[in-house]
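Coordinate analysis (summary)
The residues making up each chain are set out below.
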Amino acid sequence: IRISRGFYHDLAPTLERADVALAPNAGITQYEEWHPTLAMLDEQRVPFYFTNFSPVEVDSAACVVRDVHDLELSMPCQLNPFCQPVDRASVVTEGGSISPWITNGYLAAFNSDVVVVA
């Protein structure tokens with residue numbers, strides 16, 4: 001396993017093709033810096049798994065990636081079996097709906113053939 005810090009699109013020319021990319025609590029909708037990395041991961045067909053705090057965030061990220069990169073989720077949003085253990089999930093209101101809020105709580109993927117099952 002090799003772990004690198006920085007933007008994948010900046011580091012990729014000096015690295016071997018990644019077997020998989022993981023972005024915990026990615027914030028894809030909050031950071032435009034994701035766009036060149038997502039484009040490169042798609043071009044290289046690297047499986048990309050990401051987590052977010054809520055299913056609403058995962059759905060929002062999927063919409064942004066679909067609209068900007070024409071990519072669809074290959075593994076739909078699901079409860080992350082590796083999420084932070086909690087006694088109870090916090091609940092927040094997002095856009096008028098109640099949604100659970102768990103650190104690394106929800107997992108989804110692009111370019112994946114593997115579905116994680118809890």
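Just so it is clear, the structure is predicted and the values come from calculations on it, not from any experiment.

1. Section: the sheet that holds strand β1 (residues 21-23)
- The sheet built from four strands is open, its strands ordered β1-β2-β6-β3 with mixed pairing. This sheet does not close on itself; its edge strands, each paired only once, are β1 and β3 (75-79). Ignoring which end each strand starts from, the neighbouring axes of this sheet average 15° apart.
- Taken together, the three bridges between β3 and strand β6 (residues 106-110) define a ladder with antiparallel strand orientation. Each residue of the ladder has a partner; that of Met75, found in β6, is Ala109.

2. Thoughts on the side chain of Thr51
- Within the secondary structure layout, Thr51 lies in strand β2 (residues 48-52).
- Here Thr51 falls in the buried class, since its relative accessible area comes to 4%.
- Among the polar contacts listed, one links the side chain of Thr51 to the side chain of Asn104, at a separation of 2.7 Å.
- Once you skip the residues sitting within four places of it in the chain, Thr51 turns out to touch Ala23, Pro24, Asn25, Ala26, Asn80, Asn104, Tyr106 and Leu107.

3. Some words on unusual backbone geometry
- Its identity as a non-glycine residue notwithstanding, Asn25 has a phi of 45°, on the positive side.
- Secondary-structure assignment places Asn25 in the loop between β1 and α2 (34-43).
- One non-glycine residue, Asn111, adopts positive backbone phi at about 60°.
- Within the secondary structure layout, Asn111 lies in the segment after β6.

4. Some words on the layout of surface pockets
- Of the volumes computed, that of the largest pocket is approximately 1000 Å³.
- Taken together, 31 residues form the lining of the largest pocket, with Arg2, Ser4, Val20, Ala21 and Leu22 sitting closest to its centre.
- Looking at the lining of the largest pocket, the elements that each hand over two or more residues are α1 (8-11), β1, α2 and β2.
- Tallied by class, the residues present in the lining of the largest pocket amount to 20 nonpolar, six polar and five charged.

5. Considering the packing of α2 against helix α3 (residues 55-69)
- Packing of α2 against α3 brings their axes to within 11 Å, and their N-to-C directions diverge by 70°. Taken as axis vectors, α2 and α3 run roughly perpendicular relative to one another. For the pair α2 and α3, contact is made by His35, Leu38 and Ala39 and by Val64, Val65, Val68 and His69, respectively.

Conventions we followed
- Residues numbered from 1 in each chain as written.
- Predicted model: local features only at pLDDT ≥ 70, side-chain atom pairs only at ≥ 80, totals over all residues.
- Heavy atoms only, no water.
- Pairing = 2+ DSSP bridges.
- Helix = DSSP H or I, 4+ residues; strand = E, 2+ residues; numbered from the N terminus.
- Axes fitted to C-alpha atoms, helices over the stretch in contact; angles between N-to-C directions.
- Buried < 20%, exposed > 50% of the residue type's maximum accessible area, 1.4 Å probe, protein only.
- Polar contact = N/O pair within 3.5 Å; in protein donor to acceptor, adjacent residues only side chain to side chain.
- Contact = heavy atoms within 4.5 Å.
- 1 Å grid on protein atoms, 1.4 Å probe; cavity = no way out; pocket = protein on both sides within 12 Å on 5 of 7 lines; lining within 4 Å.
- Points joined across faces, edges and corners; volume = space filled by probe spheres on them.
- Nonpolar A, V, L, I, M, F, W, Y, C, P; charged D, E, K, R; others polar.
- Parallel < 35°, antiparallel > 145°, perpendicular 65-115°, else oblique.

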